[in-house]
Each structure stands twice: as structure tokens, then as C-alpha cells.
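# Coordinates in review
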Amino acid sequence: MNISEDIRYVGVNDREIDLFEGQYTVPNGMAYNSYVILDEKIAVMDTVDRNFGDEWLKNLSEVLGGRKPDYLVVQHMEPDHSANIARFVEAYPEAKIAASKKAFEMMGQFFGTDYADRQVVVGEKDTLSLGKHTLTFVTAPMVHWPEVVLTYDDADKVLFSADAFGKFGALDADEDWACEARRYYIGIVGKYGAQVQALLKKAAALDIGTICPLHGPVLTENLEYYLGLYNTWSSYGVESEGVVIAYTSVYGNTKKAALLLADKLKEKGCNVVVADLAREDMAEAVGAAFRYGKLVVATTTYNAEIFPFMREFIAHLVERNFQNRTVGIIENGSWAPMAAKVIKAAFEKSRNITFTDTTVTIKSALNAESTAQIEALAEELTK
């Protein structure tokens, strides 16, 4: 794949992986992107996962056409991008490595050497001339590791964006970008909204025509759309109007309450997403909670706490700086309902959470009183 006249794609598709980072389901695989800039001097942009070293080196060799690279630019040290640094060095012993100071420290941790004899340490606004192409480095600490740098090529107006603007899914997967990019962003980068905001301010000063991420497709059109979504996600704004109802249910009574609320909200013209936390993808449910402006959590009291899947769900939200949202509660308990109290305590570290005035309390099963509370909650959520 040609990114431009001088920039080639040499990445790989991983169709063997089942869990990315050991927790995120990726039914459509994963792409590990790597690029080559061909100029008077040649720069290779990152490597790929260790399981695809042979394929990557073959791709690289074909693009080089007998030439030797002058630089390997390491933007991010996570092993799905850096695992083949040692193999690159073995194959091209004269090449230099350009990376941040922190990245070289991590190379020592991963490989037992920091490649001191070939280091080109780069930081904010440092440049590297390849001839026609001049690379300018943009530091992006905690997007989403501390060593990260992005690279801007002024000749072709390309931003090599490391893990920013990436998504789940192999490049040959036919799927919506926003859905898998949102799940990827919220799960992996979501905690670091302030740092992403700082990066977006730097990006706004660049004339960007193409974004080349380390995962997912190269972005060449309607860049305002992708930048806008990143701005919304990283500022914890509301992407879409609607209500997410996330529930756990032991014997089906809490489920009935959640579905009844969903029906009443739909009758009032509200967009509703319902998630059974015990059966559906947790990362999808977390992403939906960040997408919409209102969330209802419905769960049972369980060992004087809340049901484990609900506890895990809320922990994921709070860990990722869930904020600026309205939260409603449906609690169930046969003798001592405590879920609402536990849920409110679990959100104490979240900022700008507004709990609805109505809390639905079910004792074992729905009755006239709790059904009326659900009607009141639906009314409050659709004001």
C-alpha cells in the first residue's frame, strides 16, 4: 500500500489473536502498522508484534528493493510495536534508532540493551532530515505510555500518530471505524483525557493531510470527524444523546425492571442501549457508557455489596475518569437492599456525576410501588 509517492505501508494483519492486551475481544483481528519513508535517507516507522517478525521483515525488504534503512523510528515501546527491534538491528546493523530517552530506557528493560552505539535521542520539536522529508517529533507522554512520541512529516503532511487514532480490527475487516475506535480508545487510552487534549492542541498547529496510526486504517479524508471524536472522548463530553441501561440479574427480576424502563424510555422517544453485563462484551458496555449522556445501573444486593459484574463495570468506568454524566439506579434486595448505597460510594472518585432524584428499589420482584418508581425514573431521564 502506498501512503504517498515516498511512503509505503509494511505492516501486518493478525487474524490469530483472540484477546488484545489479554482482555479485549477482537473478533476481526488486529493490525500492527509499520511504514517506510523512502528518501535520500530511509526511515522505518516502528516494528510489529513478535509473532509477525518474518512477515514484517519480508515486507520491509520488498519495499527497500536492495537499499538499506538509515533509521528505525520507535514511537511507542509496547511489544505489539517494538518486539522486533532486535531483529531489525540484526538485519540492518548500520541503522540508527531514533526514539525518546524514556524509550531507550525501556529497550534496556525489554532487550537487555539500550543500543547506546546507535541512539538518536529525540524530544519535543526535534527534527530529523531525510532529504526532501523532514521529520518533526511531537512528545505525547501518557498517550498512553510515558515514552511516546509522534512524528510529523512536513513534505507529505503526514502525522504518524503512534497509538492515537487507532482501532481494533485487521485492515481487511469491513466494520464501522467509530465503534471499534471508541472501544479501543475508552479501554486503553480513556484514563488519559487531559494528555490527549494536550496532544490535540499540538496537532491543531500542524497542517495534517494524512494520519498514519499504529493500529487500524490510514486516515486520509474527513479528518475533522476523527479529530472531533477524539476531542469529545478526551474531554469526556457526550457523543450521542440517549440512555444506557446496564444490568445484572440473578433470577430475572432485575432484568424485568431494566427492560421495563427501556420500554418506557422508548415510548417517550428516547434512544436506549441495554447491556447485560454478565453476557455481553464488557468493553462494549463501558464504551457505550462514555458515548451517551445518561446511565442507569440495575443490580442486586449481593453479599452486602453489588453483583460482581456490576462492581467490575463501575470500576472500569471510574478507572477511566467517567464524569459529566447523569446516573440512575435500580436496586434489588429481598431483605436488605444496599445496592444504591454501594453504587453511590463506588462513584465517589468520579467528577460531575449527578444522580437522579428517583431511585428504584425492588424487594424481590416488581410490584405497584416499584413499577411507579420506574415510570418516575423514565420521566426524569427524559425531561
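The structure we're discussing is the one just above.
Residues numbered from 1 in each chain as written. Predicted model: local features only at pLDDT ≥ 70, side-chain atom pairs only at ≥ 80, totals over all residues. Heavy atoms only, no water.

## Let's talk about the sheet that holds strand 1 (residues 7–9)
Spatially, 1-6-7-8-9-10 is the arrangement adopted by the six strands of the open sheet, whose pairing is mixed. With one partner strand each, in any of the chains shown, strand 1 and strand 10 (119–121) form the two edges of the open sheet. Adjacent strand axes in the sheet meet at a mean angle of 20°, parallel and antiparallel pairs treated alike. Bridging between strand 9 (residues 96–99) and strand 10 involves three bridges; their strand directions are parallel. Note that in strand 10 the partner of Ile-97 across the bridge is Gln-119. Of the strands in this sheet, strand 1, strand 6 (35–37) and strand 7 (43–45) touch helix 1 (residues 53–64), which is tilted by about 25° from strand 6. The sheet strands contacting helix 4 (residues 101–111) are strand 9 and strand 10, and the helix crosses strand 9 at an angle near 120°. (Pairing = 2+ DSSP bridges. Helix = DSSP H or I, 4+ residues; strand = E, 2+ residues; numbered from the N terminus. Axes fitted to C-alpha atoms, helices over the stretch in contact; angles between N-to-C directions. Contact = heavy atoms within 4.5 Å.)

## Examining the packing of aromatic side chains
Counted according to the given criterion, the structure contains 23 aromatic pairs. Centre to centre, the rings of Phe-88 and Tyr-92 are 5.3 Å apart; their planes meet at 50°, and the pair counts as tilted. Overall, the relative accessible area of 10% leaves Tyr-92 in the buried class. Seen from their ring centres, Phe-347 and Phe-355 are 6.2 Å apart, and the 65° between their planes marks the pair as edge-to-face. Phe-347 sits in the buried class, given a relative accessible area of 2%. Among the aromatic residues, ring-to-ring pairing joins Phe-165, Trp-177, Tyr-185, Tyr-225, Tyr-226, Tyr-230 and Trp-233 into one connected group. (Phe/Tyr/Trp six-rings, centres within 6.5 Å; stacked < 30°, edge-to-face > 60°. Buried < 20%, exposed > 50% of the residue type's maximum accessible area, 1.4 Å probe, protein only.)

## Here's the deal with the pattern of salt bridges
With the rule as written, the count across this model stands at 20 salt bridges. In this structure, the salt-bridge partner of Arg-311 is Glu-305, at a minimum N-O distance of 3.7 Å. Overall, the relative accessible area of 39% leaves Arg-311 in the partly exposed class. A salt bridge links Arg-320 to Glu-319, with the shortest nitrogen-to-oxygen separation between them at 3.7 Å. Because the salt bridges share partners, they merge into one network encompassing Glu-180, Arg-183, Asp-281 and Glu-284. (Salt bridge = Lys/Arg side-chain N within 4 Å of Asp/Glu carboxyl O.)

## Observations concerning the side chain of Asp-49
By secondary structure assignment, the location of Asp-49 is in the loop between strand 7 and helix 1. With no salt bridge to any partner, buried Asp-49 finds its closest opposite charge in Arg-50, at an N-O distance of 5.6 Å. Excluding residues within four positions of it along the chain, Asp-49 makes contact with Tyr-32, Pro-79, Asp-80, Ala-83 and Asn-84. (Lys, Arg positive; Asp, Glu negative; His and termini not counted.)

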